[in-house]
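Take a look at the letters that make up each chain.
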Amino acid sequence: MSDKPLSITRLSLYNLRGKAFRTGALIAVVLVLAFALFSGAVLSASLQNGLNSLKERLGADIAVVPLGYENSYQGIILSGEPVRFYFDRALEQQISKVDGVEQLTSQFYLSTLSADCCSVPVQIIGIDPETDFVTKPWISEVYREELKDRQAIVGADIAAGKDNKLTFYNHEFSVAARLEKTSTGMDNSVFVNIRAVKALAESAKKQGLGTNASVQEADLENSISSVLIKTERGYDTDQVVTNIRREVDGISMVKSKSIFSGFSENLGIIKAFIGIYSAALWILALLILAILFSAIISSRKKEFSVLRIMGTTRVKLVRAVLTEAMLVSIVGSLAGVSLAAVVIFPFSAYIGEQLGLPFLLPDIGGIFVYMISTLVLSSASGPLSAIYAAVKISRAETYITLREGE
Amino acid sequence: MTIAVAGVTKEYKRGDRIFKAVDGVSLIMESGDFIAVIGKSGSGKSTLLNIIAGLTVPTSGNVLVDGESILTYSDSAMSDYRSNSLGYIPQGQSTLADLTVLDNVRLPFHLSGRKGDSASRALTLLEQVGIADLKGNYPKHLSGGELKRVAIARALINDPDILIADEPTSDLDKQTTAEVLALLQSISKDGKAVLIVTHDLAALEYTTRNFTMVSGVLTQQAKIQMI
């Protein structure tokens, strides 16, 4: 024989359990809301993170590349598409003298396209440790020492062997550190010392291993792939680009801001859409729930009248209705957030790919904040939408509602 | 406990006209009374019952419980009155569908904020009304007579001084009607004041005082010949 006190919460639980379909329908509405709110928030934050990560990784204001290779350069940055292009190292000297150039460094790109030469097909980026100002800030987050010739820093998506080694063109590199996920092409890149990558390219050239015409024809010792420039304070990037163009021929230039300005614009539209969509959905869910609760409460007039007859105060009656609404909302919110997590987290790479935008999930702390915010917002939706009907039934004259409920 | 209904009138507006559901009714109820108010549908007897229970407010007049007007009660005090002093058996089916018979009976005990063993008391009451064996069943599995007994047991859980019942024998067969009325009679003999409104003349065999109600006017009858 059960003698558990029949509290308002227990009474609400019995009611919800007794009306499984009705409860299920209410939970489903909140589930959809929580799913949309949480996935929208994570999606929006991931896109913003992706863009921030891209901005951070670009580092330089201008990238100078061989004529016609600006798209290839963007490919390295955005998707890590393996490319190889070279021009004369002497251009670095020329560019350094251009008005408005504060700092510059060169990089050397080598790609491994076929599996027979290397353990994984990747973009190898040779950096000059003496002048590098682009990669150093974020490489130093994971590795503070200078890269030795047979050491590599790898992007988050690069799979090294069990012995933590990578082989490129029969040369073995030990993985010194792994970079955090950036959702840019950097995740598929390997960073090595520029001397090492040139030696590697030279060796591959001699052995005729998987190299293309650009490598075969290049004077590798005196070649570089890009010159990355930081403009002087007070100089406009466009102005510096014009200055360089005036001084140096046979080059193309990529402005960092032009890479992410398009994304910024798209992201702004997507975020605005997600925001409006979420707000509209929340209001719609509140309205649907308000209508549902109103109809449900109306159909339970006799039950509430009987509760009043048994001595339930108005406040307790409102509490009973709101407790039911709250329980339904909590279950719906938890289910919605869980479902969104199941859909978004395992498929984040695919989602990013489909959106064609840098997509980087927030860290655990960030996700937790979005999760709690969604739970609070969607859990509040039930009580908020039920409050009018609850107060109305509690204020009605019991005799009238008793007769109406019969 | 004494309940005094003093010159109570309840008016409703029907279009442009005022309709008096209860018209200047006075009545005194005391412990041990078993009072029946008999009248046709729409005569105002249920309205009178609900005024006494504090479920609707009279247009004029007063309802005094041991000399105190219930019309001055706050919501909390009124709830306390309904919970502890009054047991009310509404017309028709009034059990909560999602609670077992036992939980239905012990619910007012917990709603009133009492602490203690509600289940034992509820079971004693279910034994008293003869349906202890149904304690684990849900209302949908019970007959009309059994449901009425659940409502009676529930009305008694907080040991009120007054029990009022709106058409307690409606929809019941002759045998069950007799059983329910006998049960209410035994409750009144235990010292509680019992007030029922009914149009069932069978009730007159069990009551101590009878009234008729016609167009809102209450008249005490020594013997009722025919309604």
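In this text the structure is predicted, and so the values were computed from the model without any measurement.

A. Representation of the overall build of chain A in the model. A tally of helices and strands in chain A yields 14 helices and 11 strands. Its C-alpha atoms give chain A a radius of gyration of 31 Å, more than 25% over the compact-globule value 22 Å for 406 residues. Overall, chain A is about 100 × 50 × 30 Å in size when its C-alpha atoms are taken along their principal axes. Taken over 406 residues, chain A has a buried fraction of 44%. In chain A, the share of contacts with a sequence separation of at least 24, taken over all contacts with a separation of at least 6, comes to 82%.

B. Fine view of the interface of chain A and chain B. Contacts between the two partners involve 23 residues from chain A, matched on the other side by 28 residues from chain B. When contributions to the side of chain A that touches chain B are tallied by element, the ones reaching two or more residues are α1 (8–18), α10 (301–309) and α14 (398–404) of chain A. By residue number, the principal contributor to the side of chain A that touches chain B is α1 of chain A, which donates four residues. Among the residues forming the side of chain A that touches chain B, the class breakdown is nine nonpolar, eight polar and six charged.

C. Highlighting the domain arrangement of chain A. Residue and element names in this part refer to chain A. With domains assigned, chain A is organised as domain 1 (8–53 + 263–404) and domain 2 (68–249). Put simply, the middle of domain 1 and the middle of domain 2, counted by C-alpha atoms, are 50 Å apart. Contact residues are listed per partner, giving six residues for domain 1 and four residues for domain 2. A breakdown of the residues in the side of domain 1 that touches domain 2 according to their chemical character gives three nonpolar, three polar and no charged.

D. A look at the sheet that holds strand β5 (residues 68–69) of chain B. All names here are of chain B. On the basis of which strands lie adjacent, the open sheet formed by four strands has the order β2-β1-β4-β5 and antiparallel pairing. In this open sheet, the two edge strands, each paired with only one partner strand, are β2 (17–29) and β5. Of the pairings in the sheet, the one linking strand β1 (residues 3–14) to strand β4 (residues 60–65) comprises five bridges and is antiparallel in character. Counterpart to Ala 6 in the pairing with β4 is Asn 62.

E. Geometry of unusual backbone geometry. Residue and element names in this part refer to chain B. Backbone geometry at Asp 66 places phi at a positive 50 degrees, although glycine is not the residue there. The topology assignment puts Asp 66 in the loop between β4 and β5. Take Asp 66: there are 10 C-beta atoms within 10 Å of it, and that puts it in the exposed class. A positive phi is found at Asp 159, a non-glycine position, where the angle reads about 50 degrees. For Asp 159, the location among the structural elements is in the loop between α5 (144–156) and β7 (162–166).

F. Here's a closer look at the environment of Thr 47 of chain B. On the secondary structure map, Thr 47 of chain B appears in helix α1 (residues 45–52). Among the residues examined, Thr 47 of chain B registers 25 C-beta atoms within 10 Å and is labelled buried.

G. View of the sheet that holds strand β8 (residues 193–198) of chain B. Residues and elements named next belong to chain B. The mixed open sheet is built from six strands, whose spatial order is β6-β7-β8-β3-β9-β10. A strand with exactly one partner marks an edge of an open sheet, and here the two such strands are β6 (86–89) and β10 (217–221). Each strand of the sheet is rotated relative to its neighbour by a mean of 20 degrees, with strand direction disregarded. Bridging between strand β3 (residues 34–38) and β8 involves five bridges; their strand directions are parallel.

H. Representation of the packing of helix α3 (residues 101–111) of chain B against helix α4 (residues 118–128) of chain B in the model. Residues and elements named next belong to chain B. Taken N-terminus to C-terminus, the directions of α3 and α4 make an angle of 120 degrees; their axes are 9 Å apart at the nearest point. Judged by the angle between their axes, α3 and α4 are oblique. The way α3 lies across α4 gives a crossing that is right-handed. Side by side, α3 and α4 meet where Val 101, Leu 102, Val 105, Arg 106, Phe 109 and His 110 of the first sit next to Ser 118, Ala 119, Arg 121, Ala 122, Leu 123, Leu 125 and Leu 126 of the second. In the contact of α3 with α4, the residues fall into nine nonpolar, two polar and two charged.

I. Representation of the packing of α3 of chain B against α5 of chain B. All names here are of chain B. Contact geometry for α3 and α5: axes closest at 7 Å, N-to-C directions at 30 degrees. Compared by their axis directions, α3 and α5 come out roughly parallel. Crossing of α3 against α5: the hand is right-handed. Residues Val 101, Asn 104, Val 105, Leu 107 and Pro 108 of α3 form the contact with α5, whose own contacting residues are Val 150, Ala 153 and Arg 154.

J. A look at the UniProt feature "transmembrane region" (unreviewed entry) in chain A. With numbering matched to this structure, UniProt assigns "transmembrane region" (unreviewed entry) to residues 274–297, 317–347 and 367–391 of chain A. Within residues 274–297 of chain A, the helical portion is 100% and the strand portion 0%, while the C-alpha atoms at the span's ends are 33 Å from each other.

K. Geometry of the nonpolar core. Ranked by size, the top nonpolar core spans 120 residues in total, and within it Phe 38 of chain A together with Ala 153 and Ile 164 of chain B carry the most contacts. Sorting elements by how many residues they give to this core places helix α2 (residues 20–58) of chain A first, with 17 residues. In contact with Phe 38 of chain A, not counting residues within four places along its chain, are Gly 336, Val 337, Ala 340, Tyr 370, Met 371 and Thr 374 of chain A. Residues Ala 60, Leu 110, Val 154 and Phe 191 of chain A belong to the second largest nonpolar core, which totals 56 residues.

L. A look at the pairing of strand β11 (residues 251–255) of chain A. Residues and elements named next belong to chain A. Summarising burial for β11: four of the five residues are buried, a large majority. Pairing of strand β1 (residues 62–66) with β11, which is carried by five bridges, proceeds in the antiparallel orientation. Bridging across to β11, Ile 62 finds its partner in Lys 255.

M. Representation of helix α8 (residues 237–247) of chain A. Residues and elements named next belong to chain A. Along α8, the positions that sit buried rather than exposed are Val 240, Val 241 and Ile 244. Taken end-on, α8 shows its buried residues confined to a sector of 105 degrees, consistent with a single buried face. Those residues of α8 that are buried are in contact with β1, α4 (90–96), β3 (101–111), β10 (226–231) and β11.

N. Main features of the environment of Thr 374 of chain A. Residues and elements named next belong to chain A. Tracing the chain through its elements places Thr 374 in helix α13 (residues 364–395). On the basis of neighbour count, Thr 374 is assigned to the buried category, with 25 C-beta atoms found within 10 Å. Along the sequence, Thr 374 and Ala 36 sit 338 residues apart, while their C-alpha atoms lie 9.3 Å from each other. The contact partners of Thr 374, leaving out residues within four places of it in the chain, are Ala 34, Leu 37, Phe 38, Ala 41, Ser 333 and Val 337.

O. Quick peek at α10 of chain A. All of the buried residues along α10 of chain A are Phe 304, Ser 305, Val 306, Leu 307, Arg 308 and Ile 309 of chain A. The elements touched by buried residues of α10 of chain A are α11 (314–344), α13 and α14 of chain A together with α2 (75–85) and β6 of chain B. Of the residues flanking the end of α10 of chain A, it is Gly 311 of chain A, one or two places downstream, whose phi is positive at about 105 degrees.

P. Quick peek at the pairing of β2 of chain B. All names here are of chain B. Here nine bridges tie β1 to β2, and the two strands are oriented antiparallel to one another. By the bridge assignment, Glu 11 is partnered in β2 with Lys 20. In textbook terms, the turn of a hairpin is the stretch between consecutive antiparallel strands, and for β1 and β2 this stretch comprises two residues, one of which, Gly 15, has a positive phi near 65 degrees.

Q. Main features of the confidence of the model for chain B. Mean pLDDT for chain B: 90, with 97% of residues reaching 70 or above. β10 of chain B is the least confidently modelled element of chain B, averaging 88 in pLDDT, while β4 of chain B averages 95, the highest of any element.

Calculation rules
- Residues numbered from 1 in each chain as written.
- Chains lettered and ligands numbered in written order.
- Predicted model: local features only at pLDDT ≥ 70, side-chain atom pairs only at ≥ 80, totals over all residues.
- Helix = DSSP H or I, 4+ residues; strand = E, 2+ residues; numbered from the N terminus.
- Rg over C-alpha atoms; globule rule 2.2 N^0.38 Å.
- Buried ≥ 20, exposed ≤ 12 C-beta atoms within 10 Å, placed from the backbone.
- Contact = placed C-beta atoms within 7 Å.
- Nonpolar A, V, L, I, M, F, W, Y, C, P; charged D, E, K, R; others polar.
- Domains from an automatic or database assignment.
- Pairing = 2+ DSSP bridges.
- Axes fitted to C-alpha atoms, helices over the stretch in contact; angles between N-to-C directions.
- Parallel < 35°, antiparallel > 145°, perpendicular 65-115°, else oblique.
- Left-handed = near helix turned anticlockwise from the far one by under 90°.
- UniProt positions renumbered as here; feature names shortened; annotations may be inferred.
- Core = buried A, V, L, I, M, F, W, Y, C linked by C-beta atoms within 7 Å.
- Arc of directions from axis to C-beta.
- pLDDT = per-residue confidence, 0-100.

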